[in-house]
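Commentary on secondary and tertiary structure
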Amino acid sequence: MISRVPFYTIVVLFILAGLGLAIARHAQMEIPFLPGAERPVWLVEARIDFNAKNEPVLVSMDLPDSPPGFRLFTEQAASPGYGFSVIRHDGNRRGEWSIRRAVGPQTLYYKAQFLQASDIEELPEQTPPEAQTIDWDGPQGTAATQLLAQAQQRSSTPQSLTRELIKLLNQPEPGQNAALLLQGHTEADLLVKLLNQAGLPARESQGLYLEDARRRQSLSSFVEVYADNRWLVFDPKTGEQGLPDNVLMWHKKGVSLLDVNGGSGSNVSFSIIRQTVPALQLARAQAEEHGFGQFSIYQLPIEEQSMFKLLLLLPIGAAAVVFMRIIVGVKTSGTFMPVLIAVAFLQTSLLPGIVSFITVVALGLLLRGYLSRLNLLLVARIATLVILVVFIIAIMSIVGYQLGFNTGMTITFFPMIIMAWTIERMSILWEEDGPKEVLKQGGGSLLVAILAFLAMESKLVSHLTFNFPELHFVLLAMILLMGQYKGYKLTELKRFKAMVDRA
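Residues numbered from 1 in each chain as written. Predicted model: local features only at pLDDT ≥ 70, side-chain atom pairs only at ≥ 80, totals over all residues. Heavy atoms only, no water.

1. Structural notes on the domain arrangement of the protein
Selection criterion: In this document the domain limits rely on a domain assignment from an automatic tool or a database. Pairs of residues are marked as contacts when any of their non-hydrogen atoms sit within 4.5 Å. What gets called buried area is simply the loss in accessible area from a 1.4 Å probe that two parts show on being joined, summed for both. For this analysis, a salt bridge means a side-chain nitrogen from Lys or Arg found within 4 Å of a carboxyl oxygen belonging to Asp or Glu. Basically, the charged four are Asp, Glu, Lys and Arg, the nonpolar ten are Ala, Val, Leu, Ile, Met, Phe, Trp, Tyr, Cys and Pro, and anything else, Gly included, counts as polar.
If you check the domain split of the protein, you get domain 1 (40-124 + 242-299) and domain 2 (300-467). On a C-alpha basis, the centroid separation for the pair domain 1 and domain 2 is 54 Å. Between domain 1 and domain 2, the residue contacts involve 6 residues of the former and 8 residues of the latter. Contact between domain 1 and domain 2 buries roughly 570 Å² in total, counting both sides, with carbon and sulfur atoms accounting for 57%. The interface formed by domain 1 and domain 2 contains 0 salt bridges. Its residues assigned to classes, the side of domain 1 that touches domain 2 comprises 3 nonpolar, 2 polar and 1 charged.

This is the structure in structure tokens:
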């Protein structure tokens, strides 16, 4: 007796491989398991206003580059007459608008969609930064030293020193030292200077609070302190550590936020709105960033993707045929002819497809009856049937078009060679077993084709087969299992009805 262990081992491996790869693709590429799933994105619009001086204009604005917690999805600039490009220089990413000559009030727009992504973190510094040397005016230097000494007495780490300084600077009634230093400084600017004086690398950064339907917003200041080999973010007003989840880090000091050459009175403001986009669209846009994406159908040209989208449905139709023939016991004319008919139904839609299929087969059987009287050889008879099927389909398409049924032209998607063979087999079956068997097998073929069509037309099935092609391993395992079935077919169980009734 042959051991079944290797067979079932292969089946289990197919199932595990299919499900495992699908789950991994879902986790890495964020492809949704359900069609129509959507994900929220933030659309941020930066508006730049200035007055041009009737001379060449060059506008440069700092743009976010992989901000922590967010992934840039799309970006575009709307500025009629201006050229626009995104450039990288000294590790900074800036958008540049340029025009040969402009005069009067000018408005430029930059729009970008950001997707919240918890896995995006700020890259560590390749070279640890050093604290900057701070020069104070005479009285301010003394005040800074005393204020810093007061904070150091109450702290033991860079984090606690930063929090103590923020407390001293934001007291309802700040002391004389803090009051003196705050003249001509913002809290963030002053805090950065004090931390650098204490030997801690610090810098000011600016972020945008993302709140739905907000207009004319400005950037909020944060202070970053370098400690434990990473930048720690503090709110200079509250002392809260960490970047809030709804803050998009837009700009870091060291470079200017906005430069305008050839204009004056420049200002930049931001508008924010929350949108939703198809999750599948996001996954396709980010396909190249992931390992799975490099071996994805998404990398093929659109035309080839469309072809594969249809081809990957064929295994579904094949599985439907296997189930209906082996498990249910439905007889069909030709083993996989129903699959090809179901594919044709995808193009014609179901009802016109059924009507066309029955019409072509019925007319073909009538003509085949006449051909049987000519005693033609098989090859010549099949070739004649192919030509007749082509003529029948052409006439039906023309008549349908003349009657205003544009769907009639889609009948050309029927597999003509297969239709000719189907007519030949049904004709032989009619002669040998009578019309009842023809109706039985023809009806069975049509029933299986309809079931295969319903499965292949399902949005969920179409979504899974195209976006998770590895699930075909699971389908293959199911077909192998059904191929081992040796029991009664469901249609044979009616033979036991009398026994059940007597019991």
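2. Structural notes on the sheet that holds strand β8 (residues 230-234)
Cut-off, in case you're wondering: One requirement defines pairing of two strands: DSSP has to find at least two bridges between them. Under the DSSP-based scheme used, a helix requires at least four consecutive residues in state H or I and a strand at least two consecutive residues in state E, with every element numbered from the N terminus. Here an axis means a line fitted to C-alpha atoms, over the contact stretch when the element is a helix, while the angle between two N-to-C directions is reported on a 0 to 180 degree scale.
Taken in spatial order, the 4 strands line up as β8-β7-β5-β9 in an open sheet, and their pairing is antiparallel. Unpaired on one side and paired on the other, β8 and β9 (247-252) mark the two borders of the sheet. Averaged over all pairs of adjacent strands, the angle between strand axes in this sheet comes to 40°, irrespective of strand direction. Strands β5 (202-209) and β7 (220-227) of the sheet are contacted by helix α5 (residues 187-197), whose axis makes an angle of about 150° with β5.

3. Concerning the packing of helix α11 (residues 350-371) against helix α13 (residues 416-433)
Rule in force here: Orientation labels follow simple angle bins: below 35 degrees gives roughly parallel, above 145 gives roughly antiparallel, 65 to 115 gives roughly perpendicular, and whatever is left gives oblique. In this scheme the handedness of a crossing depends on how the near helix is turned from the far one: anticlockwise by less than a right angle means left-handed, clockwise means right-handed.
Where α11 contacts α13, the axes come no closer than 9 Å and their chain directions differ by 55°. Classified by the interaxial angle, the pair formed by α11 and α13 is oblique. Relative to α13, the crossing made by α11 is right-handed. Contacts from Phe 357, Val 360, Val 361, Gly 364, Leu 365 and Arg 368 in α11 reach Met 419, Ile 423, Glu 424, Met 426, Ser 427, Ile 428 and Glu 431 in α13. Across the contact of α11 with α13, the residue classes break down as 8 nonpolar, 2 polar and 3 charged.

4. A few points about α11
Each full turn of the α-helix corresponds to 3.6 residues, which orients residues three or four apart in the same direction. Our working definition: Every helix has an expected span of 1.5 Å times one less than the residues it contains. When a residue's accessible area, from a 1.4 Å probe over protein chains only, is under 20% of the maximum for its type it is buried; when over 50% it is exposed; and in between it is partly exposed. Arc definition: directions from the helix axis to the C-beta atoms.
In this model α11 runs 31 Å from its N-terminal to its C-terminal C-alpha over 22 residues, within 8% of the 32 Å that 1.5 Å per residue would give. Gly 353, Ile 354, Ser 356, Phe 357, Val 360, Val 361, Gly 364, Leu 365, Arg 368 and Leu 371 are the residues of α11 that are buried. The arc enclosing the buried residues of α11, seen along the axis, measures out at 165°, which places them on a common side. Facing away from the buried surface of α11 by more than 90 degrees, the exposed residues are Leu 351, Leu 366 and Tyr 370.

5. Notes on the packing of aromatic side chains
Here is the rule we go by: Whether two aromatic rings pair depends on their centres lying within 6.5 Å, for rings of Phe, Tyr and Trp, where Trp uses its six-membered ring; planes under 30 degrees apart make the pair stacked, over 60 edge-to-face, and the rest tilted.
Evaluation of the coordinates by the stated rule reveals 11 aromatic pairs. Taking 4.9 Å as the distance between ring centres and 25° as the angle between the ring planes, the aromatic pair formed by Phe 33 and Phe 468 counts as stacked. Remark: Phe 468 occurs in the loop between α15 (459-467) and α16 (472-483) and Phe 33 occurs in the loop between α1 (5-29) and β1 (38-62); sequence separation between them is 435 residues. Judged by its relative accessible area of 0%, Phe 468 is buried.

6. What about the nonpolar core?
Put simply, the rule reads: We call a set of buried Ala, Val, Leu, Ile, Met, Phe, Trp, Tyr and Cys residues a nonpolar core when their side-chain atoms join them within 4.5 Å.
Grouped together as the largest cluster of nonpolar side chains are 33 residues, with contacts concentrated most on Ile 341, Phe 345, Phe 357, Val 389, Met 419 and Met 456. Contributing elements (two or more residues each) for this core: α9 (314-328), α10 (337-348), α11, α12 (378-402), α13 and α14 (435-457).

7. A word on unusual backbone geometry
With a phi close to 50°, Arg 216 is a non-glycine residue in the positive phi region. Positionally, Arg 216 belongs in strand β6 (residues 214-217). Positive phi, close to 55°, is recorded for Asp 228, a residue that is not glycine.

8. Focus on the packing of α1 against α16
In the contact formed by α1 and α16, the axes pass within 7 Å of each other and the chain directions differ by 155°. Classified by the angle their axes make, α1 and α16 are roughly antiparallel. The way α1 lies across α16 gives a crossing that is left-handed. Contacts between α1 and α16 involve Phe 7, Tyr 8, Val 11, Phe 14, Ile 15, Gly 18, Leu 19 and Leu 21 from the first element and Phe 473, Val 474, Leu 476, Ala 477, Met 478, Leu 480 and Leu 481 from the second. Of the residues assigned to the contact of α1 with α16, the class counts are 14 nonpolar, 1 polar and no charged.

9. Comments concerning the environment of Ser 79
Take Ser 79: it is sitting in the loop between β2 (70-78) and β3 (83-89). C-alpha separation for the pair Ser 79 and Pro 338, spaced 259 residues apart in sequence, amounts to 57 Å. Here Ser 79 is in contact with Trp 97 and Leu 108, once residues within four sequence places are set aside.

10. Here's the deal with the pattern of salt bridges
Per the stated rule, a full pass over the model turns up 13 salt bridges. Ionic pairing is found between Glu 164 and Lys 167, a salt bridge with its closest N-O pair at 3.5 Å. Here Lys 167 and Glu 164 lie together in helix α3 (residues 158-169), a separation of 3 residues that amounts to about one turn. Salt bridges linked by common partners bring Arg 368, Arg 381, Glu 424 and Glu 431 together as one network.

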